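Chain by chain, the residues run as shown.
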Amino acid sequence: MDHLSQIKHTIETGRAILGIELGSTRIKAVLIDENHAPIASGSYDWENQLVDNIWTYDIDLVWEGLRQSYAAMAADALEKYGVKIERLAALGFSAMMHGYMVFDAENKLLVPFRTWRNTITEQASTELTALFGYPIPQRWSIAHLYQAILNGEAHTKDIAFQTTLAGYVHWMLTGEKVLGVGEASGMFPIDTATGQFDAKMLDQFDALIADKGFGWKIRDILPGVLPAGEAAGTLSAEGAKLLDPTGCLKPGAALCPPEGDAGTGMVATNSVAVRTGNVSAGTSVFAMITLERPLKKLHPELDLVTTPDGSLVAMVHCNNCSSDLDAWVGLFKEFYEAMGLEVSDMGKLYATLYNKALEADVDCGGLLAYNYFSGEHITGFEEGRPLFVRKPESNFNLANFMRTHIFTALGALKTGMDILMTEDVKVDRITGHGGLFKTEGVVQKFMAAAMNAPVSVLATAGEGGAWGIALLAAYSVQKGECETLADYLDNRVFAGQQGVAISPDHETQESFALFIDRYKKGLTIERAAVENLN
């Protein structure tokens, strides 16, 4: 049987597996075969809306987007293999984490979905961090809930269930009010010893709001928590119609626990094992490191979440990465065109400029830049101003200019990683993904210096979170007895895929150290720019 016939047979016999992720700009569906290879895909573009100063997505658009992305994937399969999808072996849903979705006893959404992007919970975040002795970022669901209570919002007395976007979709398609542990860890702190919400902190929260006289306790309204591999329900007849109104898709597919985009990113980059991590570098940048043990101190700059199988993860999340760098590349493009020349290949322009950075002086010529399009909590900024600074005697050339701007794109990340490394965290391997890695070997080399660990880039990393949740769905129905998620990924999914690894070298590490010292000392310059450039 040839390859196309094999895939057709897999779909016809209901052994294909589907993953759908609701990202911040796109809903993507990826169908995989029994060997975890993507065989069909479809997507739907959407954008959040600012309504009454709240970033939200209309719930009707959630379902429109799910139907459209599923239909596009099914049409792709029909065109490629000449077969309609009637049954699936397994199915998984993922979405952007955190945020606020609360429902009453009649399953009515009480207020419009408040996304992770909203920074309206500072008081709640600060008070809960102090109460729990555990970092509670503003975007976490419990921070949104407590802020709504502090604000005296009338709906809070009527809450019967709180979940995330992924949990909501899963609930509607299965009837099950559950979350994967990685997704749950962005709602409320997880006790990694039990794999459940931290019991002491649940009690502390109930005591904190006891004077409100609500008819619910926090345990009553939160979803159940499941590790990767656990059964999380099956696709109901109603759920199948929600996803595929044509009626072609039949109910019965097994669903894995719904996960967040951080967890699916870990899976898609094979970085769920202890002492591994991944770093995503694009418009924003974040690194996630799977820890051997809990951190000794509270570090408000760091997030603590878990892998989809419940291991503790430290996350360094930065708002700014490539936007200012892209703006400078755009300026060079404009100059090139002003000379009467045509830029027919932007990839070549990026590669030329990025590779020039490899020729820079160890001290970057004394140049300094900040890429802060927006605030950066790791360095204490609520607002940002892109900034480039040099002294009269600085060695101002293209190589130093480009290295400075690539280094500053990683500056906040390096600052956060330095905080993490005060805890003597060990990292054996980092997998990089995102647009900043498209120019082969350059940012990867600098990232290895920033992370103080080898950085690999996998060919499959670009498949993204929809592929990651499809892998989790596959694990839920294909895993062997006692087979861990890390072993499953190593042995069945990524076997033989080593990627191209670059280890940190002394000269680049020295260069980054000199730059980051200048970067930290110069933050007062950035502060002055924020205060005076209005």
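Within any chain, residue numbers begin from 1 and follow the written order of that chain's sequence. Local features are withheld for residues below a pLDDT of 70 in this predicted model, meaning they are given only at 70 or higher, and side-chain atom pairs are given and counted only at 80 or more; totals for whole chains, interfaces and linings count all residues. The basis for every side-chain value is the complete set of heavy atoms in the structure, and neither hydrogens nor water enter the calculation.

1. Digging into the nonpolar core
Part 1 of the argument: Remark: nonpolar core denotes a set of buried residues (Ala, Val, Leu, Ile, Met, Phe, Trp, Tyr, Cys) joined through side-chain atoms within 4.5 Å. A 1.4 Å probe rolled over the protein chains alone gives each residue an accessible area, and that area as a share of the maximum for its type sets the label: buried under 20%, exposed over 50%, partly exposed in between. Leu145, Phe188, Phe205 and Leu413 are the most contacted members of the largest nonpolar core, which has 129 residues in total.
Part 2 of the argument: Secondary structure is summarised from DSSP: a helix means a run of H or I of at least four residues, a strand means a run of E of at least two, and numbering begins at the N terminus for each. The element best represented in this core is helix H16 (residues 464–478), accounting for nine residues.

2. Focus: the pairing of strand S1 (residues 17–22)
Part 1 of the argument: In terms of burial, S1 is largely enclosed, as six of its six residues are buried.
Part 2 of the argument: Residues Ile17, Gly19 and Glu21 of S1 are buried on one face, and the alternating residues Leu18, Ile20 and Leu22, pointing to the opposite face, are buried as well.
Part 3 of the argument: Alignment of S1 against strand S2 (residues 26–32), held across six bridges, turns out to be antiparallel. Following the sheet pairing, Ile17 is matched in S2 by Ile32.
Part 4 of the argument: Strand pairing is defined by DSSP finding a minimum of two bridges between the two strands. Hairpin geometry of S1 and S2 is characterised by an intervening segment of three residues between the two adjacent antiparallel strands.

3. Re the sheet that holds strand S15 (residues 276–281)
Note: strands within a sheet are paired through backbone hydrogen bonds, in either parallel or antiparallel orientation.
Part 1 of the argument: Spatial strand order, S17-S18-S16-S15-S21-S22-S23: seven strands in an open sheet with mixed pairing. Looking along the sheet, the strands with just one partner apiece sit at the ends: strand S17 (303–306) and strand S23 (500–502). Put simply, the sheet's adjacent strands are angled 25° from each other on average, direction ignored.
Part 2 of the argument: Two elements, strand S16 (residues 285–290) and strand S18 (residues 312–318), share six bridges in a ladder whose sense is antiparallel. Residue pairing across strands places Phe286 opposite His317, the latter belonging to S18. As a rule, the C-alpha atoms of each element are fitted with a line to give its axis, helices using only the stretch in contact, and angles between N-to-C directions run from 0 to 180 degrees.

4. Let's talk about the packing of aromatic side chains
Part 1 of the argument: Only Phe, Tyr and Trp rings take part, Trp by its six-membered ring, and two of them pair if their centres are within 6.5 Å. Stacked means planes under 30 degrees apart, edge-to-face means over 60, and tilted covers everything else. If you walk through the whole model with that rule in mind, you get 29 aromatic pairs.
Part 2 of the argument: Ring geometry for Trp328 against Phe401: centres 4.9 Å apart, planes inclined by 85°, an arrangement best described as edge-to-face. Of this pair, Trp328 sits in helix H11 (residues 323–338) while Phe401 sits in helix H13 (residues 398–409), and the two are 73 residues apart along the sequence.
Part 3 of the argument: Relative to Tyr519, the ring of Phe515 has its centre 5.9 Å away and its plane inclined at 45°; by these criteria the two rings are tilted. On the criterion of helical spacing, the pair formed by Phe515 and Tyr519 is a turn pair, its members being four residues apart in helix H18 (residues 506–521). Residue Phe515 shares its accessibility class with Tyr519, and that shared class is buried.
Part 4 of the argument: A network of ring pairs unites the aromatic residues Tyr370, Tyr372, Phe381, Phe407, Phe446, Phe512, Phe515 and Tyr519 as a single cluster.
Part 5 of the argument: Only lysine NZ and arginine CZ atoms are considered, and such an atom sits over a ring when it is within 6 Å of the ring centre and within 35 degrees of the ring normal. When the ring centre of Trp55 is taken as origin, the NZ or CZ atom of Arg117, which lies over that ring, is 3.9 Å away.
Part 6 of the argument: A cation sits over an aromatic face here: Lys177 above Phe161, 4.8 Å from the ring centre.

5. Points about the pattern of salt bridges
Part 1 of the argument: Salt bridges are defined by distance alone: a side-chain nitrogen of Lys or Arg within 4 Å of a carboxyl oxygen of Asp or Glu. This structure, assessed with the given rule, holds 19 salt bridges.
Part 2 of the argument: Residue Arg114 is joined to Glu153 by a salt bridge in which the shortest nitrogen-to-oxygen separation is 2.8 Å. Of this pair, Arg114 sits in the loop between strand S7 (101–103) and helix H3 (122–132) while Glu153 is found in the loop between helix H4 (141–150) and strand S8 (161–163), placing the two residues 39 residues apart along the sequence.
Part 3 of the argument: By relative accessible area, which is 11% here, Arg114 ends up buried.
Part 4 of the argument: The salt bridge partner of Arg385 is Glu383, with a shortest N-O separation of 3.3 Å.
Part 5 of the argument: Accessibility expressed as a relative area gives 15% for Arg385, which makes it buried.
Part 6 of the argument: When salt bridges with common partners are traced through the structure, they connect Arg275, Glu292 and Asp428 into a single cluster.

Such coordinate-based values are descriptive only and should not be taken to indicate function.
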